[in-house]
Amino acid sequence: MRPRELSQEFLAKLGFLARLKHDNFIDGRPWPSRSGRSIPVVDPATEMVVAETPDSDADDVDAAVASARRTFESPAWAGMLPAERERLLYKLSLLIEEHADELSALETLQSGKLQGIARMVDVGSGAALVRYMAGWATKLEGQTLQPSIPGPPGLQYRSHTQREPVGVVAAVVPWNFPLAIALWKVAPALAAGCTVVLKPSEETPLTALRLAELVMQAGFPPGVLNVLCGRGHTAGAALTQHPGINKISFTGSTAVGKSIGRAAVDNMTRMTLELGGKSPMIVLADADPQAAAQGAAMGIFFNQGQVCTAASRLYIHRSIFEPVLQALVAIAQGMKIGSGFDASTQLGPLVSKRHFERVMSHIDAARQAGARILTGGERALPGGYFVQPTVVVDATPQMAILREEVFGPVVVALPFDEIDEAVAMANDSPYGLAASIWSHNLSAVHRLIPRLKAGTVWVNTHNMLDMGLPLGGIKQSGYGQDLGRASVESFTELKSVCMAV
Ligand code: NAD
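- Going by the annotation in an unreviewed UniProt entry, the name recorded for the chain is Phenylacetaldehyde dehydrogenase, with Roseateles oligotrophus given as the source organism.
- Taken verbatim from the UniProt record of the chain, the Sequence similarities (unreviewed entry) comment is "Belongs to the aldehyde dehydrogenase family."

Here it is, written out as structure tokens:
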């Protein structure tokens, strides 16, 4: 079946898409945008418009923030026991799992990703994260301390710290894992007792809107999660600059993250910024070439390479450079490209026409700069935004293909002779999100881990996230962490209490 027929078959099954036009979700209900304008949501496999969502402006932002504020201060939410927040989050995780088919189909339709991946990652690991964060609601704690305050004579002091919810959160998320990354923000924020205004990407707003309905179905008070659709430079900017926002949790590009961060400082808004990457994978001489090639293929072609931690730079010891490359090229050339709804597909389309053109222009620029395209480098299918899996060699360190985030199925491979050379090349990047080492030489691996300037280092694997393991970048890749205890604590303020007794 062709992508268009597959999409139409799935579209017909989705009750949520019976209507073409959707509203924002504010105060527990659909909320028409004051702007009256809308943005089309396009299926990237077929280029069909499948829905329209609001092109919100500053008035809509005010309404969403006001709702989140009212709820944050309401007895229904502020007075809720942590165990009740835990119970509601647990219920939400079950609802997400119950709706796995629908949510994963919406995800495939709006982003093009494989439905199996959407079911496993966006929905499956998203639900697991909500459950994990549910447990934190009852486990946020401070410390008791023994103060050394001298006098006045006769007085003693007792001190402790306590964690309190930071307030109203603006969660601004990208299109590559729309539901999963939304849950990375929403679940810890609600566990900590905050309320949220979630702005999904204008390309992929549908699962966020459906999530808001499930939050209500789980029994949360209205206004705990508000979903505001719209463009980044209008709705996103108005939201993140709003004085009623206490914390911004942003995932997206480094350029946008920096502009949000600059504005946030004016209001002293707390922030977590999860930004771009150009992650290296280093294959040492003892690695098995076949396993390394499979790892590299997973590292760069998973989700069409639209992964912040994608292994887009591949450094291979010269002694095994050729066999690893040959195996990688064979995998790339054998990949089945097509609709994400087709269970046999291994590589779907990129998210949008704009992004497709961006990735193709990176490939063309590399070619013109003198790099060699070993395989791929072309549009893969006549319709839709499909790019062939691409392996580039002979790039030099100054080339944009080695320095800039392409965010597509494009890997650049280079050989190295000495470990020091591999470390220097791996660290020669403005980014510092993740890296991986492929070797069974324990001593070499342990010596290498501290030398890599990255927030996460994987060994003999790549792109593997766990809900308990913090994910954050150094250098231009970000500020703060998602996932794990670090994430839920970032939605709290630490208050110090000192008593004279
Ligand atoms: P983007 O920065 O263009 O947009 C991200 C979100 O920010 C969208 O919702 C967008 O509407 C909004 N936005 C855009 N301009 C804004 C502005 N001026 N003010 C406020 N909001 C604004 O990123 P994208 O293209 O959607 O996503 C891809 C990027 O996300 C890549 O750089 C990727 O590396 C990064 N990413 C990082 C992580 C991580 O954990 N570090 C995870 C996934 C994606």
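Having seen the structure, we can now continue with the description.
1. Here's the deal with the overall build of the chain
Then, number 1: Of the regular secondary structure elements, the chain holds 17 helices and 22 strands.
Then, number 2: Relative to its length of 501 residues, the chain is compact, with a C-alpha radius of gyration of 24 Å against a globular reference of 23 Å.
Then, number 3: Overall, the chain is about 75 × 60 × 40 Å in size when its C-alpha atoms are taken along their principal axes.
Then, number 4: Within the chain, the proportion of its 501 residues that are buried is 58%.
Then, number 5: Summarising the internal contacts of the chain: among those between residues at least 6 apart in sequence, 73% fall at separations of at least 24.
Then, number 6: Total accessible area on the chain is roughly 19900 Å²; 55% of this is exposed by carbon and sulfur atoms.
Then, number 7: Between the averaged position of the 44 positive side-chain charges in the chain and that of its 47 negative side-chain charges there is a distance of 3 Å.

2. Some points on the sheet that holds strand β22 (residues 492–500)
Then, number 1: Ordered by their spatial adjacency, 3 strands build an open sheet running β5-β6-β22, and the pairing between neighbours is antiparallel. Single-partner strands in this sheet number two, and they are β5 (144–145) and β22.
Then, number 2: Bridge count for strand β6 (residues 157–165) against β22 is 9 bridges, and the pairing is antiparallel. Residue pairing for β22: Ser 159 is matched across the bridge by Cys 498.

3. Considerations on the packing of helix α11 (residues 289–301) against helix α12 (residues 321–334)
Then, number 1: Running from N to C, α11 and α12 point in directions that differ by 50 degrees, and their axes come no closer than 8 Å. Between α11 and α12, the angle falls in the class oblique. Helix-helix and strand crossings are classified by hand; for α11 and α12 the assignment is right-handed. Residues Pro 289, Gln 290, Ala 292, Ala 293, Gln 294, Ala 296, Ala 297 and Phe 301 of α11 pack against Pro 323, Val 324, Ala 327, Leu 328, Ile 331 and Ala 332 of α12.
Then, number 2: Here the residues of the contact of α11 with α12 are counted per class, giving 12 nonpolar, 2 polar and no charged.

4. Digging into the side chain of Lys 199
Then, number 1: Within the secondary structure layout, Lys 199 lies in strand β8 (residues 195–199).
Then, number 2: A relative accessible area of 2% means that Lys 199 is categorised as buried.
Then, number 3: Of the polar contacts made by the side chain of Lys 199, one reaches the backbone oxygen of Gly 230; its length is 2.8 Å.
Then, number 4: Residues contacting Lys 199, with those up to four places away along its chain left out, are Ala 171, Val 172, Val 173, Leu 228, Gly 230, Arg 231, Gly 232, Ala 235, Gly 236 and Leu 239.

5. A closer look at the pairing of β6
Then, number 1: Looking at chain direction, β5 and β6 are connected through 2 bridges and run antiparallel. Across the sheet, the residue bridging to Thr 144 is His 160, located in β6.

6. Comments concerning the site of the ligand
Then, number 1: Every one of the 29 residues lining the ligand counts as a neighbour, but Val 173, Glu 202, Ser 253, Leu 275 and Glu 405 are closest to it.
Then, number 2: Interatomic distance of 3.0 Å between a side-chain N/O atom of Trp 175 and an oxygen atom of the ligand.
Then, number 3: The side chain of Glu 405 places a nitrogen or oxygen atom 2.5 Å from an oxygen atom of the ligand.
Then, number 4: Of all the secondary structure elements, the ones that give two or more residues to the shell around the ligand are α9 (232–240), β10 (247–251) and α10 (254–267).
Then, number 5: Here the element with the most residues in the shell around the ligand is α9; it accounts for 4 residues.

7. Quick word on the UniProt feature "domain: Aldehyde dehydrogenase" (unreviewed entry) in the chain
Then, number 1: Mapped onto this structure's residue numbering, the UniProt feature "domain: Aldehyde dehydrogenase" (unreviewed entry) falls at residues 33–497.
Then, number 2: Between the C-alpha atoms that bound residues 33–497 there is a distance of 44 Å. The span itself is 41% helix and 20% strand.

8. So, the sheet that holds strand β16 (residues 410–416)
In sheet architecture, strand pairing relies on hydrogen bonds along the backbone and comes in two forms, parallel and antiparallel.
Then, number 1: Strand order in the open sheet formed by 7 strands is β14-β15-β16-β13-β12-β18-β19, and the pairing between neighbours is mixed. Edge strands, defined here as strands with exactly one partner in the open sheet, are β14 (372–375) and β19 (456–459). Within this sheet the neighbouring strands show an average axis-to-axis angle of 25 degrees, counted without direction.
Then, number 2: Sheet topology places β14 next to strand β15 (residues 390–393); 3 bridges connect them, and they run antiparallel. The residue of β15 that forms the bridge with Arg 372 is Val 393.

9. Description of the pattern of salt bridges
Then, number 1: As enumerated under the stated definition, the model contains 26 salt bridges in all.
Then, number 2: The salt bridge partner of Arg 70 is Asp 27, with a shortest N-O separation of 3.1 Å. Taken together, the positions of Arg 70 in helix α2 (residues 58–73) and Asp 27 in the loop between β1 (24–26) and β2 (29–31) put the pair 43 residues apart, joining distant regions of the chain.
Then, number 3: Under the relative-accessibility criterion, Asp 27 is labelled partly exposed at 25%.
Then, number 4: For Asp 342, the salt bridge identified is with Lys 336, shortest N-O distance 3.2 Å.
Then, number 5: Asp 342 gets classed as partly exposed once you look at its relative accessible area, which sits at 22%.
Then, number 6: Through salt bridges with shared partners, one network takes in Arg 37, Asp 55 and Arg 231.

10. Concerning the UniProt feature "active site" (unreviewed entry) in the chain
Then, number 1: The sites that UniProt annotates as "active site" (unreviewed entry) are Glu 274.
Then, number 2: Note on placement: Glu 274 falls in strand β11 (residues 270–274).
Then, number 3: Its relative accessible area of 4% is what places Glu 274 among the buried residues.
Then, number 4: Discounting chain neighbours no more than four positions away, the residues touching Glu 274 are Lys 185, Phe 250, Thr 251, Gly 252, Leu 471, Gly 472, Gly 473, Ser 477, Gly 480, Gln 481 and Asp 482.

About the thresholds
Residues numbered from 1 in each chain as written. Predicted model: local features only at pLDDT ≥ 70, side-chain atom pairs only at ≥ 80, totals over all residues. Heavy atoms only, no water. UniProt positions renumbered as here; feature names shortened; annotations may be inferred. Helix = DSSP H or I, 4+ residues; strand = E, 2+ residues; numbered from the N terminus. Rg over C-alpha atoms; globule rule 2.2 N^0.38 Å. Buried < 20%, exposed > 50% of the residue type's maximum accessible area, 1.4 Å probe, protein only. Contact = heavy atoms within 4.5 Å. Areas by Shrake-Rupley, 256 points an atom, 1.4 Å probe, with all protein chains shown as cover. Lys, Arg positive; Asp, Glu negative; His and termini not counted. Charge placed at Lys NZ, Arg CZ, Asp CG, Glu CD. Pairing = 2+ DSSP bridges. Axes fitted to C-alpha atoms, helices over the stretch in contact; angles between N-to-C directions. Parallel < 35°, antiparallel > 145°, perpendicular 65-115°, else oblique. Left-handed = near helix turned anticlockwise from the far one by under 90°. Nonpolar A, V, L, I, M, F, W, Y, C, P; charged D, E, K, R; others polar. Polar contact = N/O pair within 3.5 Å; in protein donor to acceptor, adjacent residues only side chain to side chain. Near = heavy atom within 4 Å. Salt bridge = Lys/Arg side-chain N within 4 Å of Asp/Glu carboxyl O.

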